[in-house]
Amino acid sequence: MDGGNLIDGTGRADRAGDTDGTGGIDGIDGIGDTRRALGAFLRARRGRVTPEQVGLPGGRRRRVRGLRREELAQLAGISVDYYVRLEQGRATQPSPEVLGALAKALGLDAAERRHLDTLTAGRHGPAPRTRVSPLLRRILDSMAHLPAFVTNHRTDVVAWNEPGAELIGGLGGPGRSERNQARYLFLDPVSSRAVFPDWEDRAVEAVGQLRVATGRYPEDRELASLLAELSAHSSEFRRIWATGEVVMCTAGRKRLRHPTAGLLTLDYETLHIPAAPGETGLVLHVFGAGEDGRAGAAGS
């Protein structure tokens, strides 16, 4: 198989309607408006924090999931009016001090805080073009004993080596024209759940990566089309998107079901390939056996 196969990653356009913004996907079809994305993110993360977690009284009669707006404003040391304007997109230039206070009050991790900063940075411009260089193709082909594949910010699989094709659910097959990991997870759930026994983890990971991409590239219409399609056809996608998850590609361990070797537990590392200074372009995913030299076969 050619380790440098390239696709254009064009999404199919199916628009989904907005929800009321109280835990729905209102940041999706407004992808070009980072003000709406900021409000949606703050609402989702506010809904994740219970009053008891931050030392406030709870109670059974609360009608709001998570913190109320006034409670979060109090914790962050800002006025309720200003926080409401942030959620509604009427305040667009919060200071680093305000962002830091909100991040602390919401218990954001490093990836979530970076996403919050991105949403308030006023980013514009086109998304990086998907380009697999000849050198990257040679690197993939030279890793004959390590499964590897490359994705872009939309989770399109744009290049792979032969062992890597066997780990991505048949997305590398010669007759396959659609090679998007998020579409595979949410729109082909029978097959993807068979390949990924920890399907929920993989789904959260994909949604979190797409959310990061919306903040970095708010004018990417192909990304907007992909998100609208997923939201229109997958209740699981809508459910996970509503949580406001943010995920950066890192390293760790995954379980995958190999077509011949059965269930494997593999270590993985992700290597970021910049498209331009300061920008993340492509991501190289490399899999290997654990430190003991075994792939951790667990039967089929």
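Structure: above.
So, here's what we can say about the structure. Treat the numbers as computed from the prediction; the structure is a model and nothing was measured.

1. With respect to the overall build of the chain
Here comes step 1: Scanning the chain for helices and strands turns up twelve helices and five strands.
Here comes step 2: A sequence separation of at least 24 residues applies to 59% of the contacts in the chain between residues at least 6 apart.

2. Looking at the environment of Gly-288
Here comes step 1: Take Gly-288: it is sitting in strand β5 (residues 279-288).
Here comes step 2: The spacing of Gly-288 and Thr-265 is 23 residues in sequence and 9.1 Å in space, taken between C-alpha atoms.

3. Looking at the packing of aromatic side chains
Here comes step 1: Within this structure, the stated rule accounts for six aromatic pairs.
Here comes step 2: Look at Phe-149 and Phe-287: their rings are 5.9 Å apart centre to centre, the planes differ by 25°, and that puts the pair in the stacked class. One end of the pair, Phe-149, is in strand β1 (residues 148-151); the other, Phe-287, is in strand β5, with 138 residues separating them in the sequence.
Here comes step 3: Overall, Phe-149 belongs to the buried group, its relative accessible area being 4%.
Here comes step 4: With 5.7 Å between their ring centres and 80° between their planes, Phe-186 and Trp-199 make a pair best called edge-to-face.

4. Side note on the pattern of salt bridges
Here comes step 1: In total, this model carries 18 salt bridges according to the counting rule given.
Here comes step 2: Its salt-bridge partner being Arg-45, residue Glu-112 comes within 2.4 Å of it at the nearest N-O pair. One end of the pair, Glu-112, is in helix α5 (residues 110-119); the other, Arg-45, is in helix α1 (residues 34-46), and 67 residues separate them in sequence. Residue Glu-112 shares its accessibility class with Arg-45, and that shared class is buried.

5. Section: the packing of α5 against helix α10 (residues 199-216)
Here comes step 1: Running from amino to carboxyl end, α5 crosses α10 at an angle of 30°, the nearest separation of the two axes being 8 Å. The orientation of α5 with respect to α10, classified from their angle, is roughly parallel. α10 is crossed by α5, and the crossing has left-handed handedness. Mapping the contact onto sequence places Arg-114, His-115, Thr-118 and Leu-119 in α5 and Arg-211, Val-212, Gly-215 and Arg-216 in α10.
Here comes step 2: Class assignment for the residues of the contact of α5 with α10 results in two nonpolar, three polar and three charged.

Definitions and limits used
Residues numbered from 1 in each chain as written. Predicted model: local features only at pLDDT ≥ 70, side-chain atom pairs only at ≥ 80, totals over all residues. Heavy atoms only, no water. Helix = DSSP H or I, 4+ residues; strand = E, 2+ residues; numbered from the N terminus. Contact = heavy atoms within 4.5 Å. Phe/Tyr/Trp six-rings, centres within 6.5 Å; stacked < 30°, edge-to-face > 60°. Buried < 20%, exposed > 50% of the residue type's maximum accessible area, 1.4 Å probe, protein only. Salt bridge = Lys/Arg side-chain N within 4 Å of Asp/Glu carboxyl O. Axes fitted to C-alpha atoms, helices over the stretch in contact; angles between N-to-C directions. Parallel < 35°, antiparallel > 145°, perpendicular 65-115°, else oblique. Left-handed = near helix turned anticlockwise from the far one by under 90°. Nonpolar A, V, L, I, M, F, W, Y, C, P; charged D, E, K, R; others polar.

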